[in-house]
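# Descriptive structure summary
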Amino acid sequence: MELRSVLDRLESIRRNFFLGGCEERRKINWVAWNVVLGPKGNGGLGIGSLESLNISLLIKWLWRFYDERDSLWRRVICGIHNCERKHVDRWAKKSLGGCWFNIINVVSRLNDLGVNFKSTFDICLGDGKNTLFWLDDWLGNGTMAFNFPHLFELDKRKSCFVAERVGYDRLKWDWKRKPNTVIEREELDLLVRLVERVQFSSEPDKWKSRFSGDGGFYVHDLRSVIEDLNAPVVYNPTVWLKIVPLKVSIFVWRACMDRIPTAMALARRGVNGISTSCLLCNVGIDEANHILLHCPVARDALMWLLNWCNIQPPAFNGVGALVKFAGCWGSCPKRRKILIALCYGFLWCAWKIRNERRFNDTCSSQSKLADNVVSLVFGWVKYRGNFDSCKWEDWCISPFNVL
Ligand SMILES: [Zn+2]
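All values reported here derive from a predicted model rather than from experimental measurement.

You can read the domains of the chain as domain 1 (31-117 + 218-230), domain 2 (126-204) and domain 3 (246-402). Here the C-alpha centre of domain 3 lies 44 Å away from the C-alpha centre of domain 1.

With that out of the way, let us pick up the packing of helix 14 (residues 296-308) against helix 16 (residues 333-360). Between helix 14 and helix 16, the shortest axis-to-axis distance is 11 Å and the interhelical angle comes to 155 degrees. By the angle between their axes, helix 14 is roughly antiparallel relative to helix 16. The way helix 14 lies across helix 16 gives a crossing that is right-handed. Residues Val-297, Ala-298, Ala-301, Leu-302 and Leu-305 of helix 14 form the contact with helix 16, whose participating residues are Leu-342, Phe-346, Ala-350 and Ile-353. Across the contact of helix 14 with helix 16, the residue classes break down as nine nonpolar, no polar and no charged.

In this section: helix 15 (residues 319-328). Those residues of helix 15 lying buried are Val-319, Gly-320, Leu-322, Val-323 and Ala-326. Along the axis of helix 15, the buried residues cluster in a sector spanning 160 degrees; they form a single face. Those residues of helix 15 hidden inside the fold are in contact with helix 11 (246-256), helix 13 (288-294) and helix 16. Looking one or two places after helix 15, you find Gly-330, whose phi comes out positive at around 65 degrees.

Before going further, it helps to spend a moment on helix 3 (residues 50-67). Its 18 residues place the ends of helix 3 26 Å apart at the C-alpha level, agreeing with the 26 Å of an ideal helix rising 1.5 Å per residue. By the burial criterion, the buried members of helix 3 are Glu-51, Ser-52, Ile-55, Ser-56, Ile-59, Phe-65 and Tyr-66. Considered in projection along helix 3, the buried side chains sweep an arc of 160 degrees and stay on one side of the axis. If you follow the buried residues of helix 3, they end up packed against helix 1 (3-19), helix 4 (72-81), helix 6 (106-112), strand 2 (206-209) and helix 10 (219-230).

With that settled, the discussion passes to the UniProt feature "domain: Reverse transcriptase zinc-binding" (unreviewed entry) in the chain. The residues that UniProt annotates with the feature "domain: Reverse transcriptase zinc-binding" (unreviewed entry) are residues 231-299. For residues 231-299, helix accounts for 41% and strand for 0%, while the C-alpha atoms at its two ends are 36 Å apart.

What follows concerns unusual backbone geometry. Positive phi, normally seen in glycine, also occurs at Asn-82, with a value near 50 degrees. The residue Asn-82 is located in the loop between helix 4 and helix 5 (98-104) in this model.

Within the largest apolar cluster, 48 residues are counted, with the highest numbers of intra-cluster contacts made by Leu-292, Ala-298, Cys-343, Phe-346, Leu-347, Ala-350 and Val-373. Counting only elements with at least two residues in this core, the list comes to helix 11, helix 13, helix 14, helix 15, helix 16 and helix 17 (366-384). When residues in this core are grouped by element, the largest group, 14 residues, is from helix 16. Leave out the neighbours within four places in its chain, and Ala-350 touches Ile-291, Leu-292, Ala-298 and Leu-369. Grouped together as the second largest cluster of nonpolar side chains are 28 residues, Phe-65, Leu-110, Leu-135 and Phe-148 included.

About the thresholds
- Residues numbered from 1 in each chain as written.
- Predicted model: local features only at pLDDT ≥ 70, side-chain atom pairs only at ≥ 80, totals over all residues.
- Domains from an automatic or database assignment.
- Axes fitted to C-alpha atoms, helices over the stretch in contact; angles between N-to-C directions.
- Helix = DSSP H or I, 4+ residues; strand = E, 2+ residues; numbered from the N terminus.
- Parallel < 35°, antiparallel > 145°, perpendicular 65-115°, else oblique.
- Left-handed = near helix turned anticlockwise from the far one by under 90°.
- Contact = placed C-beta atoms within 7 Å.
- Nonpolar A, V, L, I, M, F, W, Y, C, P; charged D, E, K, R; others polar.
- Buried ≥ 20, exposed ≤ 12 C-beta atoms within 10 Å, placed from the backbone.
- Arc of directions from axis to C-beta.
- Expected span 1.5 Å × (residues − 1).
- UniProt positions renumbered as here; feature names shortened; annotations may be inferred.
- Core = buried A, V, L, I, M, F, W, Y, C linked by C-beta atoms within 7 Å.

Structure (structure tokens):
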């Protein structure tokens, strides 16, 4: 089976699981799967694709190959692929194929996704015994072979290590003949000035990742870079807070994109036979912005909640506008966090009240909705936030009293 089809198959199993369906019964795909997988910064849920995980895990083997210089497995591979003194591009022989070739070949898959492997790390020179003098970019401004092509041509051993050319007290050249043309002498002058200041240490040479604070390679970092570059970008103002339960945040995330199962949304997807009028007011239509914002029950409850917070609310034209307003409100992050929790709690409770009316025929009012939000979010703030000393009486006066 081709790798691509294995990944597609696994991805489709994950997608069905996420949607709550199974192999036999397909459910409605509310949000495109590649959007769901994308980073939160791109408007996704930050799940990450299996392809980016697969590539990042395989790239880790290149780092291990470089680091574990004396290990048996590395020596076996070097014996088979004759790659002891080779540049990373030539660590595997294509003609031999096999597992190791497939691992090295992941560099080209990474490249196809917009990430140049060699630009993901810097070489941190230690004892100079694991870095190629001419072929590795160990000073960070291009390889010596590229910058000094005439001298490179003259060197007898093009795959020499840094330590074999630069010593503690002298340079150790091994030319086919002495550099004697004008251009060769000029290059040599420049090269000598460049390398005579090089400092060695007793540590082995290291690759230093450009994506992590400590320079180490972490699968998660590379995966994020791949996702950032390749996931689609959709606008979504949802903020992900620890004090708000994940299922509520995901509901808000969906509501911002009008991807919740209202009667109108279902009708647009070919599910007919459901009344599309709002059963709370019998005037509006059962669609996200009406139920969660413009329906008198929701509108009045939201006004009450914002007044309780002492906020003069602007007019919101959609759920996204409310979510964005809460996410940017004020200058105090703690107060903003509480307002966000209240708004998300409000959207969640408004949806629940709509469902109770529709499926259980329960009567609802704006005061019931507001009460539900006040008690639900109090629980979040008290038990999920760091405000366990907050008191119900203080909360009821103003939600910011608990700070
Ligand atoms: Zn209504």
